[in-house]
Every structure is written in structure tokens, then in C-alpha cells.
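Inside the fold
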Amino acid sequence: MEKRFGAPTARETITEAAREIPVARRTQVLVVGAGAGGYPAAIRAARNGAEVLLIERNAVVGGTGPMSFVTEFLSCENISGILREMQQRLAAHDAAAETFLPEYFNLAYDPEMLKLVVLDMLVEAGVDLLLNTNVVDVIREGDALKGVIIENKSGRQAILADVIIDASGDADVAARAGVAMHPREDPQPMMMLCRMGGVDWERMQAHARANPDDFSKLWGTPANPLDGAQYVHLTGWKSLVAQGKEEGALPGTFGHHISIFGATPANLRHGIGYLYAVQVLNRDPTDAADLTGAEVEGRRRARDFLPFVKRIPGMEDAFLIDMAPQIGVRDSRRIVGDYTLTRDDIFDGATFADEIALKVYRGPNVKGWVRHKPDGSEGGKGHDLTEMPISVVVLGLPYRCLLPQGLENLLVAGKTVSFDNEAHQRVRLMPECIAMGEAAGVAAAVAVRDGISPRQVDTDAVRALLSEGGMNLDRTKVRVQQVRETLASRGLNVLMD
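Residues numbered from 1 in each chain as written. Predicted model: local features only at pLDDT ≥ 70, side-chain atom pairs only at ≥ 80, totals over all residues. Heavy atoms only, no water.

1. Remarks on the side chain of asparagine 152
Position of asparagine 152 relative to the elements: it lies in strand E7 (residues 144-152). Using a relative accessible area of 19% as the deciding quantity, one classes asparagine 152 as buried. Within the local environment of asparagine 152, its side chain forms a polar contact with the backbone nitrogen of serine 154, the two atoms lying 2.8 Å apart. Leave out the neighbours within four places in its chain, and asparagine 152 touches Leu130, Asn132, Thr133 and Gln157. (Helix = DSSP H or I, 4+ residues; strand = E, 2+ residues; numbered from the N terminus. Buried < 20%, exposed > 50% of the residue type's maximum accessible area, 1.4 Å probe, protein only. Polar contact = N/O pair within 3.5 Å; in protein donor to acceptor, adjacent residues only side chain to side chain. Contact = heavy atoms within 4.5 Å.)

2. Some details on the packing of aromatic side chains
This structure, assessed with the given rule, holds 10 aromatic pairs. Measuring from ring centre to ring centre gives 5.2 Å for phenylalanine 254 and phenylalanine 305, while their planes differ by 45°; the resulting arrangement is tilted. Of this pair, phenylalanine 254 sits in the loop between helix H7 (238-247) and strand E11 (258-261) while phenylalanine 305 sits in helix H9 (residues 288-309), and the two are 51 residues apart along the sequence. Taking the centre distance of 5.7 Å and the plane angle of 85° together, the rings of phenylalanine 347 and tyrosine 361 count as edge-to-face. Here the residue phenylalanine 347 occupies a position in helix H10 (residues 343-347), and tyrosine 361 occupies one in strand E14 (residues 355-363), the gap between them amounting to 14 residues. Exposure remark for phenylalanine 347: the relative accessible area of 15% places this residue in the buried category. Tyrosine 361 sits in the buried class, given a relative accessible area of 7%. Here a set of aromatic residues connected by ring pairs shows up, and it is made of Phe254, Phe305 and Phe308. A cation sits over an aromatic face here: arginine 362 above phenylalanine 105, 4.5 Å from the ring centre. Directly above the ring of tryptophan 219 sits arginine 490, whose terminal nitrogen or CZ lies 5.1 Å from the centroid. (Phe/Tyr/Trp six-rings, centres within 6.5 Å; stacked < 30°, edge-to-face > 60°. Lys NZ or Arg CZ within 6 Å of the ring centre and 35° of its normal.)

3. Section: the environment of arginine 184
Positionally, arginine 184 belongs in the loop between helix H5 (172-176) and strand E9 (190-197). Through-space distance from the C-alpha of arginine 184 to that of asparagine 421 is 8.0 Å; in sequence the pair is 237 residues apart. If we skip the residues at most four places from it in the chain, arginine 184 touches Asp284, Pro285, Thr286, Ser332 and Arg333. A polar contact is formed between the side chain of arginine 184 and the side chain of aspartate 284, at a distance of 2.9 Å.

4. Points about the sheet that holds strand E13 (residues 319-323)
Sheets are built from strands that pair by backbone hydrogen bonding, the pairs being arranged parallel or antiparallel. Ordered by their spatial adjacency, 5 strands build an open sheet running E10-E11-E12-E9-E13, and the pairing between neighbours is antiparallel. Two strands close off the open sheet at either side, each with one partner strand: strand E10 (234-236) and E13. Across the sheet, the axes of successive neighbouring strands diverge by a mean angle of 30°, strand direction being ignored. Across 3 bridges, E11 lies against strand E12 (residues 273-280) in antiparallel orientation. Bridge pairing in E12 links serine 259 to tyrosine 276. (Pairing = 2+ DSSP bridges. Axes fitted to C-alpha atoms, helices over the stretch in contact; angles between N-to-C directions.)

5. Considering a nonpolar patch on the surface
A surface patch of nonpolar side chains, amounting to about 250 Å² of accessible area, comprises Leu116, Leu119 and Val123. Structurally, the position occupied by valine 123 is in helix H4 (residues 111-125). The class of valine 123 is exposed, set by a relative accessible area of 54%. (Patch = residues over 30% accessible without salt bridge, like charges linked within 9 Å, V, L, I, M, F, W, Y side chains within 5 Å. Areas by Shrake-Rupley, 256 points an atom, 1.4 Å probe, with all protein chains shown as cover. Salt bridge = Lys/Arg side-chain N within 4 Å of Asp/Glu carboxyl O.)

6. Considerations on the packing of helix H3 (residues 81-92) against helix H12 (residues 430-450)
How two helices pack is summed up by the angle between their axes together with the distance between the axes. Following both chains from N to C, one finds H3 and H12 inclined at 120°, their axes separated by 8 Å at the closest point. Taken together, the axes of H3 and H12 are oblique relative to one another. In contact with Gly81, Ile82, Leu83 and Met86 of H3, H12 contributes Pro431, Ile434 and Glu438. A breakdown of the residues in the contact of H3 with H12 according to their chemical character gives 5 nonpolar, 1 polar and 1 charged. (Parallel < 35°, antiparallel > 145°, perpendicular 65-115°, else oblique. Nonpolar A, V, L, I, M, F, W, Y, C, P; charged D, E, K, R; others polar.)

7. Some words on the packing of helix H1 (residues 38-47) against H3
Remark: H1 packs on H3, axes separated minimally by 11 Å, with the N-to-C direction vectors making an angle of 105°. By the angle between their axes, H1 is roughly perpendicular relative to H3. Contacts between H1 and H3 involve Tyr39, Pro40, Ile43, Arg44 and Arg47 on the former and, on the latter, Ile82, Glu85 and Met86.

8. Looking at the state of the cysteines
Enumeration according to the criterion identifies 0 disulfides in this entry. Free cysteine cysteine 76: the closest other cysteine sulfur is in cysteine 433, separated by 12 Å. (Disulfide = S-S within 2.5 Å.)

9. Quick look at the side chain of histidine 424
Summarising the element assignment, histidine 424 is placed in helix H11 (residues 421-426). Residue classification places histidine 424 among the buried residues on the basis of a relative accessible area of 1%. Separated by 3.4 Å, the side chain of histidine 424 and the backbone oxygen of arginine 330 make a polar contact. Residue contacts for histidine 424: discarding those within four places in its chain leaves Gln188, Arg330, Asp331, Arg334, Lys415 and Phe419.

10. Regarding the pairing of E9
Of all 8 residues in E9, 8 are buried, a share of seventy percent or more. Residues Met190, Met192, Cys194 and Met196 point to one face of E9 and Met191, Leu193, Arg195 and Gly197 to the other, with burial holding for every one of them. In terms of strand pairing, E9 meets E12 through 7 bridges, oriented antiparallel. Note that in E12 the partner of cysteine 194 across the bridge is leucine 275. Here E9 pairs with E13 via 4 bridges, running antiparallel. Looking at the pairing, arginine 195 lines up with aspartate 322 of E13.

Below, the structure is given as C-alpha cells:
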């Protein structure tokens, strides 16, 4: 068989010549990644007195919001801390709703303005930034991490740090340091979103109300109007999707509905929305060729889907503004930490002395159930939330989930912390990633202040500083009953205790 050009044999290697690598920087706290786990970590560490350097592989900060057009903070039932501050700052720029209560669930925002709000918060906190920079290796001495090797326009350099926070979104630093990872299961689909102009929100809303059985009870026909707070996107058009599949206009793996996101007050006025429909299945975000394939497939399929979108009442005159700069990734590596949160912890009401964040989970207590099915059949029979009893529970995230086993001076924040697969499916959204980032940043600041490793910090001191910074860690202050009542008012079968 003829060898394909450029494809190496399995054993083909080269030997890189030894060379001295200049140390570009020494810092107290190094944060890798400026997404939902990273920018809160950097802000919190700096606000608590640490010298902080934040490095990011992209040219902008903010993570999957501006990069993948995830235009809602999903599941904000414990909105507090930095997330609440960002909501207020975004609202001041007409980029989010001015009033937002926890039982409103999802906060819509403008991803372009999010870049600037996050950037302002970083600069005001005194965080140093290094953009367009990749971590390519780590500096490990025994059981301690001492720094990282980076590459950017200035070449190959080293950064040394007392504490490193891996908020890369793929646990890249932890993986390069040899940290054990939980087994990977079939991945949830990746998503390619499109920003659309010419969206007639009023016409779409009227159509949904006239055809309620064709739409999600939660996000199709709430009693209140589209407002960017209590009602922030439309999910439905199930009969249209079924028709498209029957005609062959849509692939069989398409799913069972279409969503239009991003109903901020400004977008409602200007006719802008974010089209959520194109799923890319069975791709590995830690494999460069596979990730490239996902980007190519996602963009080509999104382009091919756009003519079909014009069948939606209210989207007849819609046009593509742009596609997300990068595909949205839900699953990646997950470290093995000092504690692994499980799905039983969530539903059994487990509490932890070292809780550094609280989250409200609202969904079915069914083993094996995942929100976004790996085979793309999201929203089908036996998977539709309207057909299932919905539990609403408050869960705590232990600090130990952020600590990789067997390695000092490293914290991990975001969706790659130590959760089992079913816990990860329920605790991977931006609000909890932000909260974990805040905790990692505070813990790092305490560690450098006291001259100890993150594993040795007093978690009571970390919790106290988090509370002083506005984060709610008091379960009695979470508006669980209001959340249940809102879900029930939209026709869901909610378990009320």
C-alpha cells in the first residue's frame, strides 16, 4: 500500500538538540488559560495580593463565550461573586439584563462585550497578560511543579511560578506533568454556532406560542415575553426538524430540535441571534488532527444548514454574520484529584467541609442520563426533560477536586477537575467553572502568602475570603424553592422536595 505523503510511520522520531531556554518570567501565581476557569482565578489571586501572570493561547480573553459563541451563562441559580459582578458590568454596557434573579436560570450576554468586561477586570486587578502563547511542556522536580515551557512570537521560553493554575480547558498542564486522568467515555457532541442577523424575535416568539407542542416548555413558551433574563432563547421547531430528516435535508444525527440563543435586550432590538444546531460527533479535543477535523466538518455543515434555517418563521430574512472562531467542546480530560465528585454525591445530598462553590442542579435523577447524548439524539423520546421527573438539588464542590493526586504546586480549575463522568455531565457549565476559578485563585494567593503548597492551605480561610469577595457559600441563601416553582410554572414535572 502506498504511503500517504506526510504520514509518519509509528516508530519515526527525531532527536531535538539540547539547548538552553531563557527564563522569561518568575511570578507567584501563573494561570494558564483565560476562559471561565482562568480569568476568575487570576482576578481573585491578584485581588488577594498575589503577583499574577495569565497566559492564553488565543488573542482574546473570555474563553468559550467569545470563542465558541456560548452566549448564555447557563444555570445561574447561585449567581454571586465574580459572575454577579460581570452581570452588572455587562448590563451597564447594554450587553445583559439589568435585573437577574437566580430562578431566571440562564443569563444571556453579548460575547464581544464579555471580552472587554473581562479584560477590564483583569487590568484593574493588576494581572499581567501574555496572549498568543502556548504551553508546550512543564518543569517538574520530583513531586512538585516549578514552571512551564511556553512558545510564542518571542520563541521558546520558561516561566517559573510558586503556584500554577491549569485552566486550559483540556488539563494540558496536568497532562504534561504526568497527572493521572479519569477514563474517557464517549464524548458529548461538539457544537458549531453561528451569529445571525435579520432575526425577527417577535415573529419567532408568536409562532412558538401558537404551536406550544412543537417547542420546549422551558425555553419555548414561558408566560413572560423574551426579555434577556427570564426568557432568553427559543428551543423547538421539532416538527420542522422531523420534516427535514424525512426529506433528507437534515442528517439523521441532527438531533430533535433547533435553538436560537442570545436574546439580550440589545439583540432583541437589533435582530441578532445565535443559531445552535450543528453537532459534530465522536471527536477528541486533545488530538490535533481530530480537532481540526471537527472544525472543518462543523463549518461546512453549518454552511450547508443555513438555507434550511429560512424555513423558520421569523428567520426568512436571516443572514450569516459569522461563525464561532472555534468549535464548542464539552468533554475533555478530567484529572484524578484528592477527591472525585460522583453523581451519587449530587443526588444523595452530600456535604463537604471544604466546599468552595455551590451549584443548583435541575434535571432527572436517572443513572446514565446525559444532557447531550454522544450519538446526537438530544431531545428525543426518553430524553426530553418534559417527559421526566425533575430533581432540583444543591450540591457543593470540594476543594480537593482541584488538587491533582501526587503533585504539588498545581491547581486545576474548570471542567477538567476531578469528577466522575456523570458528575461532569451535570457540573461543567460556565457558572461553576467561574466559581472553581475563584476558589483556585484565592487558594493560590493564600499559599504564596503563607509559603505553603495549595494542598496545605486552610480551606476555612479560603472559604472566608471567597465569601468576603461576594461568593455565596450558604446553602440557606440559595433560592431552591423559587427555582422549583418557576420550573413547575413552565409545565415541568418537578419533585418539590
